[in-house]
Each structure stands twice: as C-alpha cells, then as structure tokens.
Amino acid sequence: MASVTLSQGWINLASDLSQYVAAPADVDEDDGRQVDVRQYVGGRLRAVSRAGSRRTLQITLHRITPADIETLRGWRGETVCWRDSWGRKMWAVFPSIKPDYYLSGSARVELTLTEVTYDEAV
C-alpha cells in the first residue's frame, strides 16, 4: 500500500488543481458555531443556534517567492483547496493576503481561509 507524507501546506486552485502554491506553514484553527443567547420573559436566558459550523484557518506560509505572492493575489475570492502536513483537506476562500517581505527575497504570507461547501462530483 502506498502512502504520502506531506511536509508542507498546499493551496490548489479549485478550478484547476494543477495550479498550486506549496510552502511550510503554521496553522491556527477556529471551528465555531453561531450561537446567540437571548433573554426572554421573566429574565430567562436561552441559547439559539443555527445549523452548521463555520471553520476558519489562520495560515502563515513561510519562504514564499514573489511569483507565488502574485499567484495568491490572483486567487483572492476564488475557491481553493487547502491540504496540510496532517493530511487534512478543506475547500475554502480567502479575501486578502498579508505579505511580510524579507531581505533574502522571500516572504512570509498570512491569510485567513474560510471553509465553503464544494462538490467534487464529476
């Protein structure tokens, strides 16, 4: 049986999975559900929640080239596929990127991926 070990994070464009940006990454996950606490008659408090959850990932990509930064800029608002070194997969969008350039010519890029529903059926 074959196995694959990923040593970095991968972002692929959903419309063309052959296009990708790969780099070492730090990930901070937030998996929440929208819940409101409302006050009703007599001072009673009740939790009101909605179906589904909203997962976001704060991604920091390291050692990114200027060409990869331009690629990521072009993908803002597009559906992408995120794969990390743990083998997790998430379809998501991101509205903006925040590059931090180093003197060496590479950069660190921060972005926030918000999970979306994506159908992989052909």
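All values reported here derive from a predicted model rather than from experimental measurement.

1. Description of the packing of aromatic side chains
- Summed over the entire model, instances satisfying the criterion amount to 2 aromatic pairs.
- Measuring from ring centre to ring centre gives 4.9 Å for Trp10 and Tyr20, while their planes differ by 40 degrees; the resulting arrangement is tilted. One end of the pair, Trp10, is in strand β1 (residues 9-13); the other, Tyr20, is in strand β2 (residues 16-23), and 10 residues separate them in sequence.
- For Trp10, a relative accessible area of 25% puts it in the partly exposed group.
- Each ring, one from Trp91 and one from Tyr118, has its centre 4.2 Å from the other, and the planes form 25 degrees; the classification is stacked. With Trp91 in strand β8 (residues 89-93) and Tyr118 in the segment after β10 (107-115), this pair connects stretches of sequence that are 27 residues apart.
- Owing to a relative accessible area of 10%, Trp91 belongs among the buried residues under this scheme.

2. Notes on the pairing of strand β6 (residues 54-64)
- In this sheet, β6 lies alongside strand β3 (residues 25-32) in antiparallel orientation, the contact comprising 8 bridges. Residue pairing in the sheet places Asp28 in a bridge with Gln58 of β6.

3. Details of empty space enclosed by the protein
- For the coordinates displayed, the defined rule picks out 1 cavity of 30 Å³ or more.
- The volume enclosed by the largest cavity comes to roughly 30 Å³.
- Elements with a minimum of two residues in the lining of the largest cavity: β6 and β8.
- Of the residues that constitute the lining of the largest cavity, the class distribution is 3 nonpolar, no polar and 4 charged.

4. Brief notes about the nonpolar core
- Ranked by internal contacts, the top residues of the largest apolar core, which has 21 residues, are Ile11, Leu61, Leu72, Trp75, Phe94, Leu111 and Leu113.
- Looking at this core, the elements with two or more residues in it are β1, β2, β6, α1 (66-74), β7 (80-83), β8 and β10.
- In this view, Ile11 contacts Gln19, Tyr20, Val21, Leu61, Leu72, Trp75, Val80, Cys81, Trp82 and Leu111; residues no more than four positions away in its chain are not counted.

5. Some details on the pairing of β8
- Two strands pair when backbone bridges link them, and β7 and β8 are joined in this way by 4 bridges, in the antiparallel orientation. Looking across to β8, one finds that Arg83 is bridged to Lys89.
- Linkage of β7 to β8, two consecutive antiparallel strands, is achieved through a turn of 5 residues, within which Gly87 is found at a positive phi near 85 degrees.
- Note that β8 and β10 share 2 bridges and pair antiparallel. From the neighbouring strand, Ala92 faces β10, where its bridge partner is Glu115.

6. What to know about the pattern of salt bridges
- By the definition in use, this model includes 8 salt bridges.
- Arg55 is the salt-bridge partner of Glu29, the closest N and O atoms lying 3.4 Å from each other. Linking Glu29 in strand β3 with Arg55 in strand β6, this pair joins segments that are 26 residues apart in sequence.
- In this structure Glu29 comes out as partly exposed when scored by relative accessible area, which is 35%.
- Judged by relative accessible area, Arg55 falls into the buried class, the value being 15%.
- Put simply, Glu29 and Arg88 hold a salt bridge, and the shortest N to O gap is 2.8 Å. Residue Glu29 is found in strand β3, and its partner Arg88 is found in the loop between β7 and β8; the two are separated by 59 residues along the sequence.

Rules used in this analysis
Residues numbered from 1 in each chain as written. Predicted model: local features only at pLDDT ≥ 70, side-chain atom pairs only at ≥ 80, totals over all residues. Heavy atoms only, no water. Phe/Tyr/Trp six-rings, centres within 6.5 Å; stacked < 30°, edge-to-face > 60°. Helix = DSSP H or I, 4+ residues; strand = E, 2+ residues; numbered from the N terminus. Buried < 20%, exposed > 50% of the residue type's maximum accessible area, 1.4 Å probe, protein only. Pairing = 2+ DSSP bridges. 1 Å grid on protein atoms, 1.4 Å probe; cavity = no way out; pocket = protein on both sides within 12 Å on 5 of 7 lines; lining within 4 Å. Points joined across faces, edges and corners; volume = space filled by probe spheres on them. Nonpolar A, V, L, I, M, F, W, Y, C, P; charged D, E, K, R; others polar. Core = buried A, V, L, I, M, F, W, Y, C linked by side-chain atoms within 4.5 Å. Contact = heavy atoms within 4.5 Å. Salt bridge = Lys/Arg side-chain N within 4 Å of Asp/Glu carboxyl O.

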